[in-house]
Amino acid sequence: MKKIYHLSTCSTCKRILEEISAKENGFVLQDIKTEKITPAQLDEMHKLAGSYEALFSRRSQKYRPMGLHEKELTEKDYRDLILEEYTFLKRPVAIIGKQIFVGSDKKTVEGLQAAAGK
C-alpha cells in the first residue's frame, strides 16, 4: 500500500506531493480535511510510528488556544485529539508498505523520496 494523508490547503504538503510525484507513483491521497481519519487508520499509523505523540503536531493553531502546552498529555490524549481535530495530525503522513514517514522535515522527505522511487 502507498498512501499519503495530507491537507490540500497546505502549501508544504502540496510541495512534497509534487516533489515525489505522488499521483504518478501510484499513491492513494487522502485529504484529511474532507475525508476524516478513521480510528483504524490512526491505529495503523500508530503501529508503524510507535506512538501517537510522534503523529501529533504541536504547530496546530489550536494547540496553544486550547491550553495544551500547559498540560502533560498521555498517548490516549494524543489519539483523541488527532481524531477530534484534523490539524493535530503532523503532516503529511506517508505509508509505503510497512514504512511510515511523518512530517515535513528534510530527512523525512528525503527518505520518502527514496522509498517512493524518485
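Residues numbered from 1 in each chain as written. Predicted model: local features only at pLDDT ≥ 70, side-chain atom pairs only at ≥ 80, totals over all residues. Heavy atoms only, no water.

The protein has the name Arsenate reductase in an unreviewed UniProt entry, where Chitinophaga filiformis is given as its organism.

This next bit is on the pairing of strand β3 (residues 93–96). When a strand is regular, its side chains alternate between the sheet's two faces. Of the two faces of β3, the one holding V93 and I95 and the one holding A94 and I96 are both buried throughout. As paired strands, strand β1 (residues 2–6) and β3 are joined by four bridges and run antiparallel to one another. When the bridges of β3 are listed, Y5 appears paired with V93. A loop of two residues connects β3 with strand β4 (residues 99–102), the two strands running antiparallel in sequence, and G97 in this loop sits at a positive phi of about 60 degrees. (Buried < 20%, exposed > 50% of the residue type's maximum accessible area, 1.4 Å probe, protein only. Helix = DSSP H or I, 4+ residues; strand = E, 2+ residues; numbered from the N terminus. Pairing = 2+ DSSP bridges.)

Inspection of helix α4 (residues 106–116) places T108, V109, L112 and A116 among the buried residues, and these make up the whole buried set. Buried residues in α4, looked at end-on, bunch into an arc of 95 degrees, giving them a common side. Set apart from the buried face of α4 by more than 90 degrees, the exposed residues are K106, K107 and A114. Contacts from the buried residues of α4 go to β1, α1 (11–19), β3 and β4. Following α4 by one or two positions, G117 adopts a phi angle in the positive range, close to 90 degrees. (Arc of directions from axis to C-beta. Contact = heavy atoms within 4.5 Å.)

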